[in-house]
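Now for the letters of each chain:
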Amino acid sequence: MNKRKSITGFSKFSKRKKLRWIVENFFKDPENVMRELMSFWHSSEEQQRVFDGFSENTISNYYLPYGVAPNFVINGKTYCIPMVIEESSVVAAASSGAKFWMNRGGFKAEVVDTQKIGQVHFSWSGNVKKLRSVFDELRAALEKDAEDITANMRKRGGGILDIELLDMTDKEKDYYQLKASFETCDSMGANFINSVLESFSATLRQFITTHPIFDDHEKDVIVIMSILSNYTPDCLVRVSVECPIKDLGTFPDGMDSTMFANKFYKAIKIAHIDPYRAATHNKGIFNGIDAVVLATANDFRAVEACGHTYAAKDGQYKSLSHCTIDNGVFKFWIDLPIALGTVGGLTNLHPIAKCSLELLGNPNAKELMMIIAATGLAQNFAAIKSLVTTGIQQGHMKMHLLNILNHLGATQAEEKEAVKYFDDKVVSFQAVREFIEKQRGDHSLKNGALVYKKTK
Ligand code: MEV
């Protein structure tokens with residue numbers, strides 16, 4: 001059969017027909033792949049329809065582990081935090097960071113502000129002084145025309161907070177912005193903000209083309225686009241931990257608390273100085289943040305984009321976390337802008353997201369901001385703690401050992417032996433393969449092939 005890589009009308013196919021076309025045109029063993037992908041369909045058709053509804057052209061579901069990190073004490077309340085993450089050691093690290101601080105006062109968290117931002121970008125060659133002179137009138141029209149869209153949000157205590165006119169013509173000829181800020185309460189608010197902005201753009205065009213203050217040659221306004229900004233520096237949460245240095249305890253190889261605190265402080269400083277380190281450092285923070293964002297069906301791309309933009313706000317990409325040592329007190333904190341929802345979006349549609357929210361005690365958006373930032377800080381603390389003491393490979397490779405054993409199809413007995421054997425040895429794929437081969441007394445895994453089916 002001739003394999004085809006392009007097609008028209010694919011989106012109109014039934015799911016089964018889509019899958020059939022995919023397996024027949026892209027795979028060597030279509031029947032097997034078809035069976036494999038269908039084996040991940042949900043056993044309840046109704047539930048599967050819900051998942052399919054989240055996206056387009058769905059042919060199966062993609063599984064990720066759903067874990068929990070207990071013992072998070074945030075503002076005196078204890079949480080068990082749900083995390084969706086495929087990387088070994090992340091949940092273990094978050095749990096260990098949480099446990100460490102549980103006995104030292106826990107995490108202190110506060111939401112500094114919750115403003116979201118949206119922009120109407122437009123091109124106009126009129127007299128900006130005239131536009132400014134009637135801006136109050138324009139603002140009133142913008143708000144009035146959007147009233148139907150904002151009614152519900154206003155009832156919940158949110159809505160449009162402010163609208164500004166920004167003159168950007170020094171950067172680009174004829175370029176202006178309406179920059180608006182919003183309060184979206186417990187919803188992330190992307191749809192709300194985008195709908196309001198599209199209403200703004202219609203009102204702006206109408207206003208400029210009909211207002212008598214503008215001459216004919218000034219009536220030509222081109223709205224380039226209307227869209228929320230995922231950079232929300234004023235939707236900010238601060239989470240910190242602190243304790244006297246002496247209470248930090250002792251660390252492997254006889255490292256005392258003062259040495260630990262100093263090395264930790266330097267590690268954070270390095271992530272403020274060097275963008276190469278900052279990227280890895282912040283990646284570690286987002287290991288924790290993204291995992292909870294995913295578990296609660298929030299928008300992890302938005303959260304990442306915002307966090308990384310904030311990390312570069314001073315003109316250089318830097319650590320999102322900070323550390324001070326003052327008068328014998330070790331303090332470690334994060335300022336994180338993060339836009340989240342606990343209502344709307346997928347939060348109430350995804351069955352596991354619903355579980356996550358219930359597990360967290362059905363927090364509102366502000367509480368979830370604190371929980372997620374605390375998870376990021378715990379994750380960062382655990383990573384830096386490992387890095388400045390034992391190094392991360394010790395813990396990481398122990399967890400990775402299980403993945404390698406899985407990949408090699410190790411039996412439960414082989415797994416047990418391997419964990420014992422590698423307790424004081426360096427784990428590598430090669431070393432584990434050789435160990436399993438030796439156990440089996442053959443060279444069946446020479447090419448990394450899966451020769452034994454794992455029987456658990
Ligand atoms: C690995 O996923 C994350 C770390 O590299 C973070 C860090 O280096 O701070 C351990």
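The residue numbers shown here count from 1 along each chain, following its written sequence. Where totals are concerned, whole chains, interfaces and linings use all residues; where local detail is concerned, this predicted model gives features only for residues with pLDDT of at least 70, and gives and counts side-chain atom pairs only at 80 or more. Side-chain calculation: all heavy atoms of the structure are included, whereas hydrogens and water are not.

Engineer: What is the right way to look at the overall build of the protein in this model?
Structural biologist: When its secondary structure is counted, the protein shows 16 helices and nine strands. Only protein chains enter the calculation, and the probe is 1.4 Å; a residue is then buried if its accessible area is under 20% of its type maximum, exposed if over 50%, and partly exposed in between. Considering the protein as a whole, with its 456 residues, one finds that 46% of them fall into the buried category. Any pair of residues with heavy atoms lying within 4.5 Å of one another is described as a contacting pair. Contacts spanning at least 24 positions in sequence make up 69% of the contacts within the protein whose residues lie at least 6 apart. Here the protein carries 55 positive and 53 negative side-chain charges, and the mean point of each set is 6 Å from the other. We count a stretch as a helix when DSSP gives it H or I for four or more residues in a row; a strand needs E for two or more, and each element gets its number in order from the N terminus. Positive charge is attributed to Lys and Arg, negative charge to Asp and Glu, and no charge count is given to His or to the chain ends. Where a charge lies is defined by one atom per residue type, namely NZ (Lys), CZ (Arg), CG (Asp) and CD (Glu).

Engineer: Help me out: how do you make sense of helix H15 (residues 412–421) in this one?
Structural biologist: Each full turn of the α-helix corresponds to 3.6 residues, which orients residues three or four apart in the same direction. Listed in full, the buried residues belonging to H15 are Glu-414, Glu-415 and Ala-418. The buried residues of H15 occupy an angular sector of 100° when the element is viewed end-on, so they sit on one face. H15 presents Ala-413, Lys-416 and Lys-420 as exposed residues on the side facing more than 90 degrees away from its buried surface. Contact partners of the buried residues in H15: helix H14 (393–407) and helix H16 (429–440). By definition, the arc is the one covered by directions from the helix axis to the C-beta atoms.

Engineer: Please explain the pattern of salt bridges as it appears in this structure.
Structural biologist: Once the charged atoms of two side chains with opposite charge are near each other, the side chains can pair. Basic side-chain nitrogens of Lys or Arg form a salt bridge, by our definition, when they fall within 4 Å of a carboxyl oxygen of Asp or Glu. The final tally for this structure, using the stated rule, is 18 salt bridges. In this structure, Arg-20 and Glu-31 form a salt bridge, with 3.0 Å as the shortest nitrogen-oxygen distance. Of this pair, Arg-20 sits in helix H1 (residues 15–26) while Glu-31 sits in helix H2 (residues 30–38); the two residues are 11 residues apart in sequence, bridging distant segments of the chain. Classification of Arg-20 as partly exposed rests on a relative accessible area of 27%. Classification of Glu-31 as partly exposed rests on a relative accessible area of 40%. What you see here is one network of salt bridges that share partners, running through Arg-20, Glu-24 and Glu-31.

Engineer: Honestly, the pairing of strand S5 (residues 175–183) in this entry has me stumped. Any pointers?
Structural biologist: Successive residues of a regular strand alternate their side chains across the two faces of the sheet. Along S5, eight of the nine residues are buried, which leaves the element largely enclosed by surrounding structure. Strands qualify as paired when DSSP identifies two bridges or more between them. With nine bridges connecting them, strand S3 (residues 108–124) and S5 associate as antiparallel partners. Paired with Val-120 across the two strands is Leu-178, which belongs to S5. Bridge count for strand S4 (residues 159–167) against S5 is eight bridges, and the pairing is antiparallel. By the bridge assignment, Glu-164 is partnered in S5 with Lys-179.

Engineer: How do you make sense of the environment of Ser-321 when you look at a structure like this?
Structural biologist: Within the fold, Ser-321 resides in strand S8 (residues 321–326). Residue classification places Ser-321 among the buried residues on the basis of a relative accessible area of 0%. Expressed as a C-alpha distance, the spacing of Ser-321 and His-281, which sit 40 residues apart in the sequence, is 8.9 Å. Ignoring anything within four residues of it in the chain, the contact list for Ser-321 reads Ile-268, His-272, His-281, Ile-285, Phe-332, Trp-333, Ile-334, Leu-377 and Asn-380. Side chain to side chain, Ser-321 and Asn-380 meet in a polar contact 2.6 Å long. Polar contact criterion, stated in full: a pair of N or O atoms within 3.5 Å, where within protein one must be able to donate a hydrogen and the other to accept it, and residues adjacent in sequence count only if both atoms are side-chain atoms.

Engineer: Would you explain the domain arrangement of the protein in this entry?
Structural biologist: Quite often, the size of an interface is put as the accessible area lost when its parts meet. Domains are outlined according to an automatic or database domain assignment. The domain architecture assigned to the protein consists of domain 1 (1–63), domain 2 (66–111 + 239–390), domain 3 (116–229) and domain 4 (395–451). The gap between the C-alpha centroids of domain 1 and domain 4 is 34 Å.

Engineer: Is there a simple way to think about the state of the cysteines in this case?
Structural biologist: Defined simply, a disulfide is a covalent bond joining two cysteines at their sulfur atoms. In this description, a disulfide is simply a cysteine sulfur pair whose atoms lie within 2.5 Å. By the definition in use, this model includes zero disulfides. Unpaired in terms of disulfides, Cys-243 finds its nearest cysteine sulfur in Cys-323, a separation of 11 Å. With no disulfide partner, Cys-306 has as its closest neighbouring cysteine sulfur the one in Cys-235, 7.5 Å distant. Take Cys-306: its relative accessible area is 2%, and that puts it in the buried class.

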